[in-house]
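# Examining the three-dimensional arrangement
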Amino acid sequence: MSEQLSTLAAVYGSDVGFLERQQARLNELLHAFGQLWGQGPVMVFRAPGRVNLIGEHTDYNHGFVLPMALDRDVLLALRPRADGRVILGNVEQGFGERSFEISRDIPRLPLGDWGNYVQGPAQLLSQRYEQPLHGFDALVDGRPGLGVPRGAGLSSSSALTVAAAVALVHINELPLNGPALADACGQAEWYVGTRGGVMDQFASLLSRQGHALFLDCRPDAATQTYTYRHVPVSPQFQVVVIDSQVRHANTGPHFNRRVAEGRIGVALLRKYYPGITHLRDVQQVRWEDLEPLLPETITAEALLQQGIDPERILDAGRSAETNIYNVRARCRHVHSENTRVLATMEALSSLDMSRAGALMVEAHRSAATAYEISTPEIDALVDACLEAGAVGARITGAGWGGCVVALVASEQVEAFVSQVSLAYRAATGLQAESFVCRSARGAGLMFSTNL
Ligand code: GLA
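Residues numbered from 1 in each chain as written. Predicted model: local features only at pLDDT ≥ 70, side-chain atom pairs only at ≥ 80, totals over all residues. Heavy atoms only, no water.

### A word on the site of the ligand
The ligand sits among Arg50, Glu56, His57, Asp59, Tyr60, Gly196, Gly197, Met199, Asp200, Phe255 and Ala398. Within the side chain of Arg50, an N or O atom sits 3.0 Å from an oxygen atom of the ligand. Between Asp59 and the ligand, the recorded distance is 2.5 Å, taken from a side-chain N or O atom to an oxygen atom. When isolated, the ligand has an accessible area of 310 Å², and the protein chains bury 90% of it. Of the residues that constitute the shell around the ligand, the class distribution is four nonpolar, three polar and four charged. (Near = heavy atom within 4 Å. Polar contact = N/O pair within 3.5 Å; in protein donor to acceptor, adjacent residues only side chain to side chain. Areas by Shrake-Rupley, 256 points an atom, 1.4 Å probe, with all protein chains shown as cover. Nonpolar A, V, L, I, M, F, W, Y, C, P; charged D, E, K, R; others polar.)

### A closer look at empty space enclosed by the protein
Applying the stated criterion to the full structure yields one cavity of 30 Å³ or more. Around the largest cavity, the lining residues are Leu269, Leu279, Val282, Gln283, Trp287, Leu290, Leu294, Cys331, Val334, His335 and Asn338. Elements with a contribution of two residues or more to the lining of the largest cavity: helix 8 (287–290) and helix 10 (327–349). When residues of the lining of the largest cavity are assigned to their parent elements, the largest contribution, four residues, is made by helix 10. (1 Å grid on protein atoms, 1.4 Å probe; cavity = no way out; pocket = protein on both sides within 12 Å on 5 of 7 lines; lining within 4 Å. Points joined across faces, edges and corners; volume = space filled by probe spheres on them. Helix = DSSP H or I, 4+ residues; strand = E, 2+ residues; numbered from the N terminus.)

### Notes on the pairing of strand 3 (residues 85–90)
Burial within strand 3 is extensive, with five of its six residues counted as buried. Bridging between strand 3 and strand 4 (residues 98–101) involves four bridges; their strand directions are antiparallel. Within the sheet, the bridge partner assigned to Arg85 lies in strand 4 and is Glu101. Examined bridge by bridge, strand 3 and strand 5 (residues 136–141) share five bridges and lie parallel to one another. Along strand 5, the bridge assignment pairs Leu88 with Ala138. (Buried < 20%, exposed > 50% of the residue type's maximum accessible area, 1.4 Å probe, protein only. Pairing = 2+ DSSP bridges.)

### Some details on the nonpolar core
The biggest cluster of nonpolar side chains holds 86 residues, and the ones touching the most others in it are Val51, Leu66, Leu88, Phe136, Leu154, Leu205 and Val239. A total of eleven residues in this core trace back to one element, the largest contributor, which is helix 4 (residues 156–171). Every residue in contact with Leu205, bar those within four places of it in the chain, is listed here: Val162, Val166, Gly178, Leu181, Ala182, Cys185, Gly442 and Ala443. Within the second largest apolar cluster, 50 residues are counted, among which are Val240, Val246, Ala260 and Val266. (Core = buried A, V, L, I, M, F, W, Y, C linked by side-chain atoms within 4.5 Å. Contact = heavy atoms within 4.5 Å.)

### Observations concerning the sheet that holds strand 13 (residues 433–436)
Hydrogen bonding along the main chain pairs the strands of a sheet, whether they run parallel or antiparallel. Here four strands make up an open sheet; going across it, the order is 11-12-8-13 and the pairing antiparallel. Of all the strands in the sheet, the pair left with one neighbour each is strand 11 (392–396) and strand 13. Sheet twist, expressed as the average angle between the axes of neighbouring strands with direction ignored, equals 25°. With respect to the sheet, helix 11 (residues 353–369) is in contact with strand 8 (237–243), strand 11 and strand 12 (403–409), its orientation differing from that of strand 11 by roughly 40°. Against the sheet, helix 12 (residues 376–387) makes contact with strand 8, strand 11 and strand 12, and its axis sits at roughly 160° relative to strand 11, the strand it touches most. (Axes fitted to C-alpha atoms, helices over the stretch in contact; angles between N-to-C directions.)

This is the structure in structure tokens:
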């Protein structure tokens, strides 16, 4: 095996056909990099997207999650510069070039612009470290196929943030790695305007082949460290990701609205549980005891009367414009979802896959009815998966379209995929796209050479 192939095998596993496709992609990227930036040294960093098995919208409430890294990733080929400039090219036509100076206050590009996902970590690292940081000349490759599907709830944008952060840390020799780096990447993404948690960045950085990553998203109060564990997934079962092809533009305000509703729940519960900061702080309390303390819905005016300003509750984040907050159902989802994550961990450890599957189905129902992040197409896709023999299936990621994750017995996967595709097309007229998640290694420097 060539040196290049064995490097790739350490990241992606041993499927020769897949490795050859990765090799072709890597060489295309190196070639394009040489054309753009000329001869000389080049480093290639990669960061994977993730699929979440269970634990949705719990992370920013300091709850539990169980994601795994995909073998689909973003590649960032680069050459360090002597100054602090970053110049980004993209192998995909239409993305254009982006360029900025690393500083403690980098002017934001328009909302949704891909350059923000590199500017965010650059600004955060510059704020954290006194030394002037080196920038780089780079070429990004997130092409469909081996790249992370975009807008599909598989964290393509976090992958770019993580790749950029890992690269900046490496070339500037910053003393930041592991969970502290993942945590920094989570904060760096606030730069783009959403108020997400740390799940995507931890999954992208700290995952291990063949394993899911259990993460407790509440850092230890004294040390600010996180508890996490790699959980093996039975090789008798496959994690299948099915893209509904439904995309909803501009979901950021809806996402932030959910974040706000959880925080409002905390603010209201603080009367009875002084000092709590996140919903996780009342996880030990039975839901039956919490429920009567939370209003089903509450208006902004009623909150203001109680001294809670819903506008300020999100810091600088934007929230959807409606005056009514659905507090109780949102908190119920988070509380019950945390319990399901722990139960799923136990089920996976004792190889009780039908129990794990049943918990995923429960999680989907809760996400659809209490958290209201599903769509009719996604519900149809989940039903199609269960009819086709999945032991469990649920929406994965932030929601409002995107992907379903299903747990399927290995020998059934082929028949499953074609049956789901037919049933989904019959129900919605849409063509679902499925792939088996092979769970690659977490982000890092993959390859360096001289062109
Ligand atoms: C997005 C966010 C994550 C998490 C999920 C929902 O992917 O970036 O932090 O909140 O949604 O579970």
